[in-house]
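What follows is the residue order along each chain.
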Amino acid sequence: MRRQLRATASVALILFGLVGCAASPAPENDSLYQAMGGQAGINRVVEGLLYQIADDERIVHHFADTDIARLQEKLQEQFCVEAGGPCVYSGDSMADVHAGFELTEADFNALVEDLIAAMEAEQLPVTVQNRLLQRLAPMRADIIYR
């Protein structure tokens, strides 16, 4: 049951805006990708994020009907692209992914807190964390309900 809940939470992350910005151009170099530990490091951050979401009573309910495996895959693609890695995002736009969820600023902030906790667990330096967050920040407008 806990494993299923954790998987459900991982899907929520994608739904919260870290997935749908495939139209964003890839950064020009892969220094952030390398600083995050390449694909293996990104995969660990995404897995940690999903566990954080599963334990976060503030937002886990948003992921109840989410395909966790797909969410994990799309988050890994999205983070890889945003970090300048050799990936292609194959998911839907952020606006499409989050349509109808009526996500609030508090929901968005909770997800960001969970992402930071996952990055801290991987011992990523604050400067590396901030670089990733800076690249993900433009997605906020397509995620929060207006």
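Computed from a predicted structure; not experimentally measured.

*Asks:* So what about the overall build of the protein chain? Which residues, and what values?
*Replies:* The secondary structure content of the protein chain amounts to eight helices and zero strands. Going from the N terminus to the C terminus, the protein chain shows its helices and strands as α-α-α-α-α-α-α-α. Across the 146 residues that make up the protein chain, the buried fraction comes to 49%. When contacts within the protein chain are restricted to residue pairs at least 6 apart in sequence, those whose partners lie at least 24 apart make up 85%.

*Asks:* Can you explain the nonpolar core? Please cite residues and give values.
*Replies:* When a protein is soluble and globular, its nonpolar side chains tend to lie buried together. In this structure, Met 36, Ile 42, Leu 49, Phe 79 and Leu 115 are the most contacted members of the largest nonpolar core, which totals 32 residues. Those elements giving two or more residues to this core turn out to be α2 (31-35), α3 (38-54), α4 (68-82), α6 (105-121) and α7 (126-136).

*Asks:* Which residues make up the state of the cysteines, and what values go with them?
*Replies:* Counting across every chain of the model gives one disulfide. A disulfide bridge connects Cys 80 with Cys 87, and the sulfur atoms are separated by 1.8 Å. Of note, the bridge from Cys 80 to Cys 87 carries an S-S torsion of about 75° and is right-handed in sense.

*Asks:* Explain the packing of α6 against α7 residue by residue, including any values.
*Replies:* Running from N to C, α6 and α7 cross one another at 150°; their axes reach a closest spacing of 11 Å. Viewed along their axes, α6 and α7 adopt a mutual orientation that is roughly antiparallel. Taken as a pair, α6 and α7 cross one another with a handedness that is right-handed. Of the residues in α7, those touching α6 at Val 112, Leu 115, Ile 116, Met 119 and Glu 120 are Gln 129, Leu 132, Leu 133 and Leu 136. The residue inventory of the contact of α6 with α7, partitioned by class, reads seven nonpolar, one polar and one charged.

*Asks:* Requested: an account of the environment of Ala 117, with residues and values cited.
*Replies:* In this structure, Ala 117 sits in helix α6. For the pair Ala 117 and Val 45, spaced 72 residues apart in the sequence, the C-alpha separation amounts to 9.2 Å.

*Asks:* Residue-level account of the UniProt feature "binding site: heme" (unreviewed entry) in the protein chain, with values.
*Replies:* The positions UniProt marks with the feature "binding site: heme" (unreviewed entry) are His 98. Inspection of the secondary structure puts His 98 in helix α5 (residues 94-98). From its side chain, His 98 meets the backbone oxygen of Met 94 in a polar contact 2.8 Å long.

Criteria and thresholds
- Residues numbered from 1 in each chain as written.
- Predicted model: local features only at pLDDT ≥ 70, side-chain atom pairs only at ≥ 80, totals over all residues.
- Heavy atoms only, no water.
- Helix = DSSP H or I, 4+ residues; strand = E, 2+ residues; numbered from the N terminus.
- Buried < 20%, exposed > 50% of the residue type's maximum accessible area, 1.4 Å probe, protein only.
- Contact = heavy atoms within 4.5 Å.
- Core = buried A, V, L, I, M, F, W, Y, C linked by side-chain atoms within 4.5 Å.
- Disulfide = S-S within 2.5 Å.
- Axes fitted to C-alpha atoms, helices over the stretch in contact; angles between N-to-C directions.
- Parallel < 35°, antiparallel > 145°, perpendicular 65-115°, else oblique.
- Left-handed = near helix turned anticlockwise from the far one by under 90°.
- Nonpolar A, V, L, I, M, F, W, Y, C, P; charged D, E, K, R; others polar.
- UniProt positions renumbered as here; feature names shortened; annotations may be inferred.
- Polar contact = N/O pair within 3.5 Å; in protein donor to acceptor, adjacent residues only side chain to side chain.

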